[in-house]
Amino acid sequence: VSQSRYSPLKKPIRTASYVRDPDILVIFHEHLLESHPDILEGTHEHSIILLNTSKSWEEIKLPVDQIKFRRLVTLDATLGAMKNQCGLNAVMMGAVSGYLPEVGGPELEKSLENFFKKAGTQVQKNNRDGFLWGLKMSKEHSFEKEILVEKNINQQNIILGWANAPVGAIVTGK
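## Regarding the pattern of salt bridges
At step 1: Evaluated as defined, the whole model comprises five salt bridges.
At step 2: The partner of E113 in a salt bridge is R128, with the nearest N and O atoms 3.3 Å apart. In this pair, E113 is assigned in helix α4 (residues 105–115) and R128 in helix α5 (residues 121–137), connecting sequence segments 15 residues apart.
At step 3: Taking relative accessible area as the criterion, E113 reaches 29% and is therefore assigned partly exposed.
At step 4: A salt bridge links D129 to K125; the shortest N-O distance between them is 2.5 Å. With D129 and K125 both in helix α5 and four residues apart, this pair spans about one turn of that helix.
At step 5: Exposure remark for D129: the relative accessible area of 22% places this residue in the partly exposed category.
At step 6: On the accessibility criterion, K125 (44% relative accessible area) is partly exposed.
At step 7: Within this structure, E109, E113 and R128 form a network of salt bridges that share partners.

## So, helix α3 (residues 88–97)
At step 1: For α3, a buried count of eight out of 10 residues is recorded, marking the element as mostly surrounded by other parts of the structure.
At step 2: Inspection of α3 places A90, V91, M92, M93, G94, A95, V96 and S97 among the buried residues, and these make up the whole buried set.

## Quick look at the confidence of the model for the chain
At step 1: Per-chain confidence: the chain averages 76 in pLDDT, with 70% of residues scoring 70 or above.
At step 2: Mean pLDDT across the elements of the chain bottoms out in strand β5 (residues 167–170) (48) and peaks in helix α2 (residues 77–84) (97).

## Some words on the nonpolar core
At step 1: The biggest cluster of nonpolar side chains holds 24 residues, and the ones touching the most others in it are I24, V26, L50, L75, V91 and M92.
At step 2: Sequence-distant contacts of L75, defined by excluding residues within four places in its chain, comprise L50, L51, N52, T53, V91, M92, A95, W133, G134, M137 and S138.
At step 3: Counting 14 residues, the second largest nonpolar core, distinct from the first, contains I27, I39, I49 and L72.

## Thoughts on the pairing of strand β2 (residues 48–52)
At step 1: Most of β2 sits inside the fold, with five of its five residues counted as buried.
At step 2: One ladder, built from four bridges, connects strand β1 (residues 24–27) with β2; its direction is parallel. Of the residues in β2, the one forming a bridge with I27 is L51.
At step 3: Of the pairings in the sheet, the one linking β2 to strand β3 (residues 71–75) comprises five bridges and is parallel in character. Within the sheet, the bridge partner assigned to L51 lies in β3 and is T74.

## Details of the packing of aromatic side chains
At step 1: Per the counting criterion, the structure on display carries one aromatic pair.
At step 2: With a centroid separation of 5.0 Å and 85 degrees between ring planes, the pair formed by F115 and F116 is classed as edge-to-face.

## Quick word on the packing of α2 against α5
At step 1: Their axes nearest at 9 Å, the elements α2 and α5 cross at an angle of 145 degrees. Where α2 crosses over α5, the two elements pack in a sense that is right-handed. Contact residues: A77, L79, G80, K83 and N84 in α2; N126, D129, G130 and W133 in α5.
At step 2: Split by residue class, the contact of α2 with α5 holds three nonpolar, four polar and two charged.

Calculation notes
Residues numbered from 1 in each chain as written. Predicted model: local features only at pLDDT ≥ 70, side-chain atom pairs only at ≥ 80, totals over all residues. Heavy atoms only, no water. Salt bridge = Lys/Arg side-chain N within 4 Å of Asp/Glu carboxyl O. Helix = DSSP H or I, 4+ residues; strand = E, 2+ residues; numbered from the N terminus. Buried < 20%, exposed > 50% of the residue type's maximum accessible area, 1.4 Å probe, protein only. pLDDT = per-residue confidence, 0-100. Core = buried A, V, L, I, M, F, W, Y, C linked by side-chain atoms within 4.5 Å. Contact = heavy atoms within 4.5 Å. Pairing = 2+ DSSP bridges. Phe/Tyr/Trp six-rings, centres within 6.5 Å; stacked < 30°, edge-to-face > 60°. Axes fitted to C-alpha atoms, helices over the stretch in contact; angles between N-to-C directions. Left-handed = near helix turned anticlockwise from the far one by under 90°. Nonpolar A, V, L, I, M, F, W, Y, C, P; charged D, E, K, R; others polar.

This is how it looks when you write it as structure tokens:
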């Protein structure tokens, strides 16, 4: 489990504590919904869940007993990373940038470019393209909990790979 914090004032955040009550929870692989049943703990009705998945909204199995959030954002970031020959993080960062008005997409994009500055022009371009792909290709689903309960009533959990994929969370000014 990894956690990120962004400061809109460009001041370092000096804490090693877990993120509680995330505004945005970034899940790098759908299998984590099953392998880490507590993954949604701390989310609230204003939390946004960003999920890397190739599945359609209808195919995603969410742990109904832990659903407090009302917005789920999905994208196939793995496909985006392969298409753009970039890191998965660049694609996910692009997707999350659309939901961070405190930091802003241009700030995150510039941060990404600075990070890859020494890696060469092609690596910079690929990661920038992946960032923009993530921003463009993410799909938001808003819902009420009752709809999810009905959708998941008879679904069985599916065991998938990638059990050790990272999870990220972002807290914005609470």
